[in-house]
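Commentary on secondary and tertiary structure
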Amino acid sequence: MSQTPISQLFSADKPLLSVEFFPPKTDEALEALMDSVDDLAIYQPDFVSVTYGAGGSTRDRSAQACNLLREDHEYNIMPHLTCVGASRDELAQTINGLYETGYRNIMALRGDAPKDADSFVVAKDGFAHASDLVAFIKELHPDIAIGVAGYPEKHPEAPDLATDLRHLKTKVDAGASFITTQLFFDNGDLYRFLDEADKLDISVPVIPGIMPVMSLKQIKRITSMCGASLPAELEKHLNTAGDDSERVRQIGIRWATEQIQDLIEAGLPGVHLYALNRSDVATELMSAFRATAEQP
Ligand SMILES: Cc1cc2nc3c(=O)[nH]c(=O)nc-3n(C[C@H](O)[C@H](O)[C@H](O)COP(=O)(O)OP(=O)(O)OC[C@H]3O[C@@H](n4cnc5c(N)ncnc54)[C@H](O)[C@@H]3O)c2cc1C
């Protein structure tokens, strides 16, 4: 059965809820993840996205996770796809395969350098920018809804936010239906990004991406890679919690919950949860989302 294009799900009075998983490395971990995703069903996520490893390293596992989530759990899925290490022909094969299986959503990304390289390298007969991939998908299957990445604190390689937003506008003009943002911890950064995007007539829905902090060490590694900043106040709370992992978890959930409540009250069209494959964390945040979104 074909899936629903996410572009058809946006509505003025009901923000969307989505959650992201990454494909686990082993069969056992994949099985455990599939067992735990049942817990999420009561919160009715509007879609579930599945990441794609650098260099296509998780290609088969990404496909396996997408198929299980779609067939066994009947979620509306957004598979991610990157340009890393793939020629146009290979990308066309993957896109056509997804389409024939019934997928109607793709998150189109350039991707990062694989582990053994310092920076992104354009594959032979491949694409240099996500905007090229967007245009390519649109040409092959105009009815696929395409999501693209946006960066409230700019992409790490971009010289400034204005330049990065001009490139974001190119992705939208190429056919993207919506933008999902990189994680951020200060909603002020998102609101500034939206104001600047508005000035460039970027008018597709922007879904803010929220990641709860589960460990100070882990979040410092993630933010150093993706260019997001950790507010001093949040870092202070986390330092106070020290090695008490349950306390850190509570601080992370509380911060993320407050971000979500504020975003819904500000009228954002949805929230995307980077739940780090932790269904316990995802259910707490989804519950907070529903409680706020369904307030009369
Ligand atoms: C929501 C989300 C999901 C993600 N999922 C994955 C995933 O599943 N797998 C994965 O490997 N990575 C994923 N990433 C990370 C992403 O691949 C990296 O951030 C990557 O470095 C950039 O990808 P992009 O699609 O934003 O690239 P682009 O939009 O191509 O931008 C990359 C850089 O190039 C610049 N640029 C764009 N167009 C031009 C142009 N025409 N001329 C000059 N410069 C230009 C941009 O300003 C930016 O600095 C995700 C990121 C986000 C926010």
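Look up: the structure comes first, before these words.
Since the model is a prediction, treat every value here as computed from it, not as a measurement.

Describing the packing of aromatic side chains
All told, the structure shown has three aromatic pairs when counted by the stated rule. Here the aromatic residues Phe10, Phe47 and Phe178 are joined through ring pairs into a cluster of three or more. Over the ring of Tyr103 we find Arg70, and its NZ or CZ is 4.7 Å from the ring centre. Over the ring of Tyr99 we find Arg104, and its NZ or CZ is 3.6 Å from the ring centre.

Quick look at unusual backbone geometry
At Glu74, a position not held by glycine, the phi torsion is positive, near 60 degrees. Residue position: Glu74 is located in the loop between helix H2 (59-71) and strand S3 (77-82). When its relative accessible area of 67% is taken as the criterion, Glu74 is described as exposed. The phi angle at Leu276 is positive, at roughly 55 degrees, despite the residue not being glycine. With respect to the secondary-structure elements, Leu276 resides in the loop between strand S8 (270-274) and helix H10 (279-293).

What to know about the side chain of Thr82
Among the secondary structure elements, Thr82 is positioned in strand S3. The class of Thr82 is buried, set by a relative accessible area of 5%. Contact partners of Thr82, with chain neighbours within four places excluded, come to Tyr52, Leu91, Leu109, Arg110, Gly111 and Leu133.

What about the site of the ligand?
Close contacts around the ligand come from 22 residues, with Tyr52, Asp112, Tyr151, Asp164 and Lys171 the closest. Contacts to the ligand include His129, whose side-chain N or O atom sits 3.4 Å from a nitrogen atom. Within the side chain of Lys171, an N or O atom sits 2.7 Å from an oxygen atom of the ligand. In isolation the ligand exposes 970 Å². Once the protein is present, 84% of that is buried. Of all the elements in the fold, those that place two or more residues in the shell around the ligand are S3, strand S4 (105-109), helix H5 (161-174) and strand S6 (178-183). Tallying contributions element by element places H5 first for the shell around the ligand, with three residues. Classifying every residue of the shell around the ligand gives eight nonpolar, nine polar and five charged.

Overview of the pattern of salt bridges
Per the counting criterion, the structure on display carries 16 salt bridges. One salt bridge in this structure joins Arg104 and Asp143, with 3.7 Å as the shortest N-O distance. Here the residue Arg104 occupies a position in the loop between helix H3 (88-101) and S4, and Asp143 occupies one in the loop between helix H4 (130-140) and strand S5 (145-150), the gap between them amounting to 39 residues. Residues Asp173 and Lys169 are paired through a salt bridge, measuring 3.4 Å at the closest nitrogen-oxygen approach. Here Lys169 and Asp173 lie together in helix H5, a separation of four residues that amounts to about one turn. Judged by relative accessible area, which is 54%, Asp173 ranks as exposed. A single salt-bridge network, built from bridges that share partners, covers Glu246, Arg249, Arg278, Asp280 and Glu284.

Conventions we followed
- Residues numbered from 1 in each chain as written.
- Predicted model: local features only at pLDDT ≥ 70, side-chain atom pairs only at ≥ 80, totals over all residues.
- Heavy atoms only, no water.
- Phe/Tyr/Trp six-rings, centres within 6.5 Å; stacked < 30°, edge-to-face > 60°.
- Lys NZ or Arg CZ within 6 Å of the ring centre and 35° of its normal.
- Helix = DSSP H or I, 4+ residues; strand = E, 2+ residues; numbered from the N terminus.
- Buried < 20%, exposed > 50% of the residue type's maximum accessible area, 1.4 Å probe, protein only.
- Contact = heavy atoms within 4.5 Å.
- Near = heavy atom within 4 Å.
- Polar contact = N/O pair within 3.5 Å; in protein donor to acceptor, adjacent residues only side chain to side chain.
- Areas by Shrake-Rupley, 256 points an atom, 1.4 Å probe, with all protein chains shown as cover.
- Nonpolar A, V, L, I, M, F, W, Y, C, P; charged D, E, K, R; others polar.
- Salt bridge = Lys/Arg side-chain N within 4 Å of Asp/Glu carboxyl O.

So yeah, pure geometry; function would need other evidence.
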